[in-house]
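# Breakdown of the fold
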Amino acid sequence: MQMWPGQGFPLGATYDGNGTNFSVFSEVADRVELCLFGDDGTEVRHELPESTGYIHHGYLPGVQPGQRYGFRVHGPWDPAHGLICNPNKLLLDPYAKAVEGEVRWSEAVFPYHFATGPDGPANDADSAPFVPTAVVTSPFFDWADDRHPRTAWHETVVYETHVRGLTMRHPDVPEELRGTYAGLCTPAIVKHFQRLGVTAVELMPVHQFIHDHRLFELGLNNYWGYNSIAYLAPHNAYASYGQRGQQVQEFKQMVKTLHREGIEVILDVVYNHTAEGDHSGPMLGFKGIDNPAYYRLDAADPRRYVDYTGTGNSLNMRHPHVLQLVMDSLRYWVLEMHVDGFRFDLAATLARELHDVDKLSSFFDLIQQDPVVSQVKLIAEPWDVGEGGYQVGNFPPLWSEWNGKYRDEVRDFWRGADHTVAEFGYRFTGSSDLYESNGRTPSASINFITCHDGFTLTDLVTYNHKHNEANGEEGKDGADDNRSWNCGVEGPTTDAEVQALRRRQRRNLLTTLFLSQGVPMLLGGDEIGRTQLGNNNAYNQDTEVSWYDWAACDDALMEFVRRLAKFRRRHPVFRRRRWFQGRAIAGELADIAWYAPEGRQMNEADWQVSYARSIVVFLNGDAIPTPGPQGERIFDDSFLVVFNASDGPLEVVLPDVPAAATTPWLTVLDTTPDDPDRGLPREPVVAIALNHTGDTIEVGARSVRVLRLDHPAMAGFRAPL
């Protein structure tokens, strides 16, 4: 088969109906061989005949979708200068759109001999039998009338989940579909999302990833998937049938199905490092194609890697071809796979130009000007493990951020740690101290109590200490600063009072989350009471520890979360588009007011008390300044929210609010009862209690109580929860 010159762009393997164009970047390569593999494992090599601006390319007529391929790069072996080309290693295409197989760990996978180490001579063993191959894919798919839901940020509810863990134990998902893209969009799962009011699923990594050699030796694997090796390929193990491009079709069908139900798909993406590890790691793709281009090398010793991620390497975001790869990947997932946004793992690493995190870095410039990527939801995990890596509040205006300060403060408040209520006030109202100064809105704050990394909600109120023995790291892995509280007993207990307190604490944390300004993110499984038995770093637990136990679902908790989400969706005062002003917007009442339990407005001294365990906030539903989508005025009922994190009941005097002179306060939410019908009733015209201005009410120990002042125009919106 004769190879034609082909084209340098697009990079990767591009099928045009008659054949396939192959293109790969390498500045260090003397020559590049394309290797095609038959079903019987036979390998045929073709040297790419053209090189244009370090892009090596060629076209093979007749090559069809499903064809497996890889590259071999001939070039210098000079580890002292960061050059480690080794044509004996079969390399994955950085632009592979599908991958078949997985790594079978062998010394042949490494570029060096174990006996002599990374600085010794090159390992000449052929790695082809032990590594996955890229697959030529078909670009054709019937999207029909699919469209992005484009849910407004202030109406978004994010559900962070894992493709495999979500469905592995679900009784209503067919067994052959459990743990797959197809399983995630089955009717049972979609119905669950809808009942919870979820508008976006945030999927933990689905880029093709590798199970680490170290974990393999421990008999474990990389369940979370933060170990990417191909940024345009959906992970093959999540496909219910076939790895020769079927995973691409199945992923697209999942997105199409969720979109039809109004649910967005957000991907957790890992552009900060790759699966090749440090200088002692394997050679799977990037290292052998162009090590100095793709990785941040130590300037003092180019044999070693700069590591801002704790994984051994950092992707070199200063190199134009690396930036191009990231941007091409992002555009591909939006344009070809129809996803709706991205959550960037350890995003501070992407902003490091030289050493410091730079919010004016090239990466942010590219995102800002890109006509595709700039229009989708962009979420930063605003930290990495390097010096100065904690950057909460410092990302550019287009970005929202996982608000780690929100998580920490809400946990501290409810566990009774010393703090000032001023910090709680900022977090509850959207964190204007972090985001307002550069033109961002409350939606810049992705509020969360728990996420994949750490305790689940149930474990947060059950354990003071991590219990990670199953991870094979002698309990040394995972965070020690969990800001958790076991309610008096470590782990499971038969003590009825402790059990009741734990259930109430879960409701307190969830109520705070859904009533805070900003975007709530619910960790998948928290709504059913999922536990990891105290493991706060279950990254290598592809077992019942991580899989959602639907049979043990806490039905009362799930119903409470469902009603809570609907309550938030019904009342725009809890999801404002703009910041509170603390002054009158319409009429004589301020849009927000803060009160001490005795009914007077808080003063400066009140805000700084470190031992405060309670706070009362008035939210004025008649003072929402932003109009609706068609310019209509937005109004709502008004609410008084009482947070009592003390271990005893709290006497609260209802404040003198003019609108309450003739209208009674109705208690509509109370986290004290276990029964949702008592704590958050379905029928809105039946209040839990009725009181008037000046009355004293008792708010239970460690609980939230929400009182409503009815707005006359809201009567028609009070359908049952």
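Residues numbered from 1 in each chain as written. Predicted model: local features only at pLDDT ≥ 70, side-chain atom pairs only at ≥ 80, totals over all residues. Heavy atoms only, no water.

## Comments concerning the environment of tyrosine 223
Along the chain, tyrosine 223 turns up in the loop between α4 (213-217) and β15 (228-234). Looking at tyrosine 223, the relative accessible area reads 5%, which means it is buried. (Helix = DSSP H or I, 4+ residues; strand = E, 2+ residues; numbered from the N terminus. Buried < 20%, exposed > 50% of the residue type's maximum accessible area, 1.4 Å probe, protein only.)

## A look at the nonpolar core
Grouped together as the largest cluster of nonpolar side chains are 171 residues, with contacts concentrated most on Phe342 and Phe344. If one sorts the elements of this core by residue count, helix α7 (residues 320-335) sits on top with nine residues. (Core = buried A, V, L, I, M, F, W, Y, C linked by side-chain atoms within 4.5 Å.)

## Quick word on the state of the cysteines
Summed over all chains, the structure comprises zero disulfides. As a non-bridged cysteine, cysteine 35 has cysteine 85 as the owner of its nearest cysteine sulfur, 14 Å distant. Residue classification places cysteine 35 among the buried positions, given a relative accessible area of 0%. (Disulfide = S-S within 2.5 Å.)

## Thoughts on unusual backbone geometry
Following phenylalanine 9, the chain continues to proline 10 via a peptide bond in cis, the omega torsion being 0°. Along the chain, the position of proline 10 falls in the segment before β1 (12-15). One non-glycine residue, tyrosine 54, lies in the positive phi region at around 70°. Structurally, tyrosine 54 is set in the loop between β5 (50-52) and β6 (55-61). Overall, tyrosine 54 belongs to the partly exposed group, its relative accessible area being 43%.

## Section: the layout of surface pockets
In this structure, the largest pocket spans a volume of roughly 1,400 Å³. Residue lining of the largest pocket: 48 residues in total, with Thr309, Gly310, Thr311, Asp453 and Asn537 positioned closest to the centre. Among the secondary structure elements, those contributing two or more residues to the lining of the largest pocket are α4 and α9 (404-415). By residue number, the principal contributor to the lining of the largest pocket is α9, which donates three residues. Along the lines of polarity and charge, the residues of the lining of the largest pocket split into 14 nonpolar, 18 polar and 16 charged. (1 Å grid on protein atoms, 1.4 Å probe; cavity = no way out; pocket = protein on both sides within 12 Å on 5 of 7 lines; lining within 4 Å. Points joined across faces, edges and corners; volume = space filled by probe spheres on them. Nonpolar A, V, L, I, M, F, W, Y, C, P; charged D, E, K, R; others polar.)

## Looking at the pattern of salt bridges
Evaluated as defined, the whole model comprises 46 salt bridges. As a salt-bridge pair, aspartate 408 and arginine 483 come within 3.8 Å of each other at their nearest N and O atoms. Of this pair, aspartate 408 sits in helix α9 while arginine 483 sits in the loop between α12 (457-460) and α13 (496-515), and the two are 75 residues apart along the sequence. In this structure, lysine 476 and glutamate 474 form a salt bridge, with 3.5 Å as the shortest nitrogen-oxygen distance. Like glutamate 474, lysine 476 is exposed. Bridged by salt links that share partners, the residues Arg31, Glu33, Glu43, Arg45, Glu47, Arg72 and Asp126 form one connected network. (Salt bridge = Lys/Arg side-chain N within 4 Å of Asp/Glu carboxyl O.)

## Re the sheet that holds β6
Strand order in the open sheet formed by four strands is β1-β2-β6-β5, and the pairing between neighbours is antiparallel. Because the sheet does not close on itself, it has two edges, and the strands there are β1 and β5. Strand-to-strand twist across the sheet, computed as the mean angle between neighbouring axes with direction ignored, equals 25°. As paired strands, strand β2 (residues 19-25) and β6 are joined by seven bridges and run antiparallel to one another. Following the sheet pairing, threonine 20 is matched in β6 by leucine 60. (Pairing = 2+ DSSP bridges. Axes fitted to C-alpha atoms, helices over the stretch in contact; angles between N-to-C directions.)

## Section: the side chain of arginine 427
Take arginine 427: it is sitting in helix α10 (residues 421-428). Judged by its relative accessible area of 1%, arginine 427 is buried. Among the polar contacts made by the side chain of arginine 427, one reaches the side chain of glutamate 423 at a distance of 3.1 Å. For arginine 427, the contacting residues outside a window of four places in its chain are Lys405, Tyr406, Glu409, Asp433, Leu434, Ser516 and Gln517. (Polar contact = N/O pair within 3.5 Å; in protein donor to acceptor, adjacent residues only side chain to side chain. Contact = heavy atoms within 4.5 Å.)

## Observations regarding the sheet that holds strand β23 (residues 519-523)
Around the barrel, eight strands lie side by side as β12-β13-β16-β19-β20-β21-β22-β23; this closed barrel has parallel pairing. Strand-to-strand, the axes of this sheet are offset by a mean angle of 25°, without reference to chain direction. Of the strand pairs in this sheet, strand β12 (residues 158-161) and strand β13 (residues 200-203) are connected by four bridges, and their pairing is parallel. Bridge pairing in β13 links tyrosine 159 to valine 201.

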